[in-house]
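# Observations on the three-dimensional arrangement
Spelled out, the chains give:
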Amino acid sequence: MSKKARKVGILTAGGDAPGLNAVIRGLGKTIITHYGMELIGFRDGITGLVENRYVNLDGSTLSGILTLGGTILGTSRDKVNKFPLHGEQVNMVPTVKENLDKLGIDALVMLGGGGTAKNAKLLMDAGVNVILLPKTIDNDIWGTDTSFGFATAMEVATQAVDRLHSTAHSHHRIILAEIMGHRAGWLALGAGIAGGADIILIPEIPYTIDSVTETIRARISRGSTFSVVAVAEGARDATDTASTQAALELVSTASTPENKKAAKIHLATVQDAQREHTFKLARELESTTGLETRVSILGYIQRGGTPSAEDRLLATRLGSATADHIYRGEYGILVAARGQGTEPVALEDVAGKLKSVPTDHHWIQTARWIGTGLGD
Ligand code: F6P
């Protein structure tokens, strides 16, 4: 067991998500009032860690933040091993280690998703006592049942799908609601089912125009001259999915740094050509179905605002459980949400992995049973 922690650091990294402040509060209150330790917060994620910018967090700073969206600490997507400095990408792990040692930080709590898991692993390998907490609206972190931010974003996206129904119905239109989620379909699938979307398209199930068209035509023939389609931002048709997979394969099998660089450039070109795919899909559906078609990109609205009760509860549970792990000297872990409780999962089992929607998942089966088109 490590020596008893006295001073803890915390940071929020990656895209913001509702519930970040609730975690800071849950952890902070438990650490300070229950365990009598000190807490400092690094500004702007990895950036503040590298630049040694921080703020002391005490009872008064932690008060009144439970319901606040975003993060009081600020965030960034910087990578600790590829930190932008003087026009170059520099490995700042040694600098961070030195900063933490000088400050006397015994444990570092990082609130983040997949990118943060990689940063956390690098710091852990350098000897930092790291704990990761699962934050993302995408729900794609390996090893945890769910992540804070997801429930709120799903609520927002569901309300949007609800509202799009009345306008699609009134105008006899197809409306495509593009929903965030990065490379996973959890958010579109959850909001699509909860909002009663007629078709749900997710990255895990490559779609064909023929299948989507057929679902819409079948609805027209039953008298429903409108359709609402929940499209995950990462959803692609079968052809685009195949070209992305081939490009990714080239990156992972490249045997020299030169080949890897070329493969990455190729991948970027392939992904660039697929930008605005939801608009392309809309044009195609307008021509195959004859129905006027519109696109609504829900975007950052899904990430902003006050966390739902479910996310506040999850965030507070995760935050206070983390304080207990620190007290026990248990590091190098993700504090995962597991059922109504929490569970430590080794960081090395989490970093670099993505939790996609399994194609036999109960939500997918449910969507099929109620007759929702999935584009396949
Ligand atoms: O990971 C959260 C998320 O909102 C994804 O759903 C989305 O793909 C991405 O972040 C957007 O990133 P950025 O904030 O850098 O535009």
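Our subject in this report is the structure included herewith. Note that the structure is predicted; figures quoted are calculated from it, not measured.

Take the pairing of strand β8 (residues 174–179) next. Each regular strand shows side chains that alternate between the opposite faces of the sheet. For β8, the tally of buried residues reaches six of six residues, placing the bulk of the element in the interior. Because side chains alternate across β8, one face comprises the buried residues Ile174, Leu176 and Glu178, and the other comprises Ile175, Ala177 and Ile179, equally buried. Bridging between β8 and strand β10 (residues 227–232) involves six bridges; their strand directions are parallel. Paired with Ala177 across the bridge in β10 is Ala230.

All right, on to the site of the ligand then. The ligand sits among Arg77, Thr136, Ile137, Asp138, Met180, Gly181, His182, Glu233, Tyr300 and Arg303. The backbone of Gly181 places a nitrogen or oxygen atom 3.1 Å from an oxygen atom of the ligand. Tyr300 is positioned such that a nitrogen or oxygen atom in its side chain is 2.4 Å from an oxygen atom of the ligand. Split into classes, the residues belonging to the shell around the ligand amount to three nonpolar, three polar and four charged.

The next thing to look at is helix α7 (residues 186–194). Each α-helix winds once per 3.6 residues, and so residues spaced three or four apart point in a common direction. The buried fraction of α7 is high, at seven of nine residues. Residues of α7 that are buried include every one of Trp186, Leu187, Ala188, Leu189, Gly190, Ala191 and Gly192, and no others. Looking at the buried positions of α7, the neighbouring elements they touch are α6 (150–171), β8, β9 (199–201), β10 and α13 (362–369). Note on α7: the residue one or two positions beyond its end, Gly196, has a positive phi of about 70°.

What follows concerns the sheet that holds β10. Strands belonging to one sheet form pairs held by backbone hydrogen bonds; the direction of such a pair is parallel or antiparallel. Strand order in the open sheet formed by four strands is β9-β10-β8-β11, with parallel pairing between adjacent strands. Edge positions in the sheet fall to β9 and β11 (293–297), since each of these pairs with one other strand and no more. Averaged over all pairs of adjacent strands, the angle between their axes in this sheet comes to 20°, without regard to strand direction. As paired elements, β8 and β11 share five bridges and run parallel to each other.

Moving on: unusual backbone geometry. A positive phi angle, close to 55°, is found at Asp44, a residue other than glycine. Along the polypeptide, Asp44 turns up in the loop between β2 (38–42) and α2 (46–51). For Asp44, a relative accessible area of 25% corresponds to the partly exposed category. Phi angles above zero are rare outside glycine, and His182 is one such case at about 55°. Among the structural elements, His182 can be located in the loop between β8 and α7.

Calculation notes
- All chains use their own residue numbering, which begins from 1 and follows the written sequence.
- pLDDT decides what is reported in this predicted model: residues at 70 or higher carry local features, side-chain atom pairs at 80 or more are listed and counted, and totals for whole chains, interfaces and linings draw on all residues regardless.
- Excluded from the side-chain calculations are hydrogens and water; all other atoms, namely the structure's heavy atoms, are used.
- Burial classes: relative accessible area under 20% of the type maximum marks a residue as buried, over 50% as exposed, and values in between as partly exposed (1.4 Å probe, protein chains only).
- Counting from the N terminus, the helices are the DSSP runs of H or I reaching at least four residues and the strands are the DSSP runs of E reaching at least two.
- One requirement defines pairing of two strands: DSSP has to find at least two bridges between them.
- Definition of nearness: a residue and a molecule or strand are near each other if at least one heavy atom of the residue lies within 4 Å of the molecule or strand.
- Under the rule applied, a polar contact is a pair of N or O atoms within 3.5 Å (in protein, one hydrogen donor and one hydrogen acceptor; residues adjacent in sequence only if both atoms are side-chain atoms).
- Each residue receives one of three labels: charged for Asp, Glu, Lys and Arg, nonpolar for Ala, Val, Leu, Ile, Met, Phe, Trp, Tyr, Cys and Pro, and polar for the others, Gly being one of them.
- Contact definition: two residues touch when any of their heavy atoms are within 4.5 Å.
- Helix axes are fitted to C-alpha atoms over the stretch in contact, other axes to C-alpha atoms as well, and angles between N-to-C directions run from 0 to 180 degrees.

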